[in-house]
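# Results of the structural survey
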Amino acid sequence: MDADGAVRLVFLSSGVWWAVFTVEQLPAVGPTTLDGPEGKHAATVRRLRVGEHLLLSDRAGGMARCEVVAAAKDSLELAVAETWREPQPALRVRLAQALVKGDRGELAVELATEAGVDAVVPWRASRCVAKWDDGPRGAKALARWRSTAEQAAKQARRAWTPQVDEPVSTKQLAGLVSGADATLVLHESATESLASADLPDSGELILVVGPEGGITGEELATLTDAGAHVGRLGPTVLRASTAAAVALGALGVRTDRWS
């Protein structure tokens, strides 16, 4: 986004988006080297060559437009032509996603990231089929969610990569709800729709998506006692892996997030 508020869209002359590669620190205008895993991927998998362009992202709003000036086996020499920072939206959405079995949990994170989610909290709801322990298996599952978020952010050409937090219990989630500016729990029995929900203009909105087996009445009571509102997306029931992405699309239209 430029200083005057205009959103910056970067295309090749053919209309194709430039590929995005992540770096720990955004370089200044001038020469730089893209090495490590990202440099190897750019040089050997994407096979970028001299004269081609790419974008660098520091995952936290910083972007750089670059041209390849030299290509090695596992790195690229770049000329950074321009850098800029994209601010976060005034209304940030944190997704509390119940654990979903198999790769459908990773699908939920991927779709939500592409739809613009700002942070993800894995939720250990009581009816979750998937169980993340506190040992190596749980750490491996969390690492997959984090890797999925990073890859999806690059695919979507996002300047911000959503943070995926440690998993929380319902009690811990209620604590997050009490500190948020608003919370919407998606539930098929709700009478209020997202289209008519009262949404804040700024701050943090927590979006809660339950597991395949649904959210229990006790969990609903705990979250609503903490300040959450219960709502539905529409007349149909969506899967736990797709509900967040659909809701984020609706929130993008209803708020200034997509303006």
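Read on for an overview of the structure. (Residues numbered from 1 in each chain as written. Predicted model: local features only at pLDDT ≥ 70, side-chain atom pairs only at ≥ 80, totals over all residues. Heavy atoms only, no water.)

## Comments concerning unusual backbone geometry
Not every positive phi belongs to a glycine, and Arg47 is a case in point at roughly 55 degrees. Structurally, the position occupied by Arg47 is in the loop between α1 (36-45) and β3 (53-57). Although it is not a glycine, Arg59 adopts a positive phi angle of roughly 70 degrees. Note on placement: Arg59 falls in the loop between β3 and β4 (62-71). (Helix = DSSP H or I, 4+ residues; strand = E, 2+ residues; numbered from the N terminus.)

## What about the pairing of strand β10 (residues 203-209)?
Taking burial as the measure, the seven residues of β10 include six buried ones, the bulk of the element. In the sheet, strand β6 (residues 91-98) pairs with β10 via seven bridges, with the strands oriented parallel. Note on β10: the bridge partner recorded for Leu95 is Leu207. As judged from the four bridges shared by strand β9 (residues 182-186) and β10, these two strands associate in the parallel manner. By the bridge assignment for β10, Val185 is matched with Val208. (Buried < 20%, exposed > 50% of the residue type's maximum accessible area, 1.4 Å probe, protein only. Pairing = 2+ DSSP bridges.)

## Here's the deal with helix α3 (residues 136-155)
Compared with the 28 Å implied by 1.5 Å per residue over 20 residues, the 28 Å span of α3 between its first and last C-alpha is a close match. Residues of α3 that are buried include every one of Gly138, Ala141, Leu142, Trp145, Thr148, Ala149, Ala152, Ala153 and Lys154, and no others. If you follow the buried residues of α3, they end up packed against β1 (20-22), α1, β6, α2 (104-114), β7 (119-123) and β8 (163-164). Positive backbone phi, approximately 60 degrees, marks Arg157, located one or two places after α3. (Expected span 1.5 Å × (residues − 1). Contact = heavy atoms within 4.5 Å.)

## Notes on the sheet that holds strand β2 (residues 30-34)
Strand order across the open sheet formed by five strands is β1-β3-β4-β5-β2, with mixed pairing between neighbours. Every interior strand has two partners, whereas the edge strands, β1 and β2, have only one. Shown here is a sheet whose adjacent strand axes are inclined to one another by a mean of 40 degrees, direction ignored. The pairing of β2 with strand β5 (residues 76-85) spans five bridges and is classified as antiparallel. Across the sheet, Gly30 pairs through a bridge with Val80, a residue of β5. In this fold α1 packs onto β1, β2 and β5, with an angle of close to 155 degrees to the strand it touches most, β1. (Axes fitted to C-alpha atoms, helices over the stretch in contact; angles between N-to-C directions.)

## Examining the nonpolar core
Counting residues in each nonpolar core, the largest one holds 48 residues, and the members touching the most others are Trp123, Leu173, Leu207, Val208 and Leu223. With near-sequence residues (within four places) excluded, Leu173 lies in contact with Ala96, Trp123, Val168, Val208 and Leu223. In this structure, Phe21, Val23, Ala64 and Val80 belong to the second largest nonpolar core, which totals 16 residues. (Core = buried A, V, L, I, M, F, W, Y, C linked by side-chain atoms within 4.5 Å.)

## As for the sheet that holds β7
Strand order in the open sheet made by the six strands is β8-β7-β6-β10-β9-β11, with parallel pairing throughout. If you trace the sheet from one side to the other, it starts and ends with β8 and β11 (229-231), each paired once. With three bridges connecting them, β9 and β11 associate as parallel partners. Its bridge partner lying in β11, Leu184 is registered against His229. Helix-sheet contacts for helix α6 (residues 243-254) involve β6, β9 and β10, and the interaxial angle to β10 is about 145 degrees.

## Let's talk about the pattern of salt bridges
Enumeration according to the criterion identifies ten salt bridges in this entry. One salt bridge in this structure joins Lys154 and Glu38, with 2.9 Å as the shortest N-O distance. Separated by 116 residues along the polypeptide, Lys154 in helix α3 and Glu38 in helix α1 bring together distant segments of the chain. One exposure class covers both Lys154 and Glu38, and it is buried. The partner of Glu150 in a salt bridge is Arg59, and the shortest N-O contact between them spans 3.2 Å. (Salt bridge = Lys/Arg side-chain N within 4 Å of Asp/Glu carboxyl O.)

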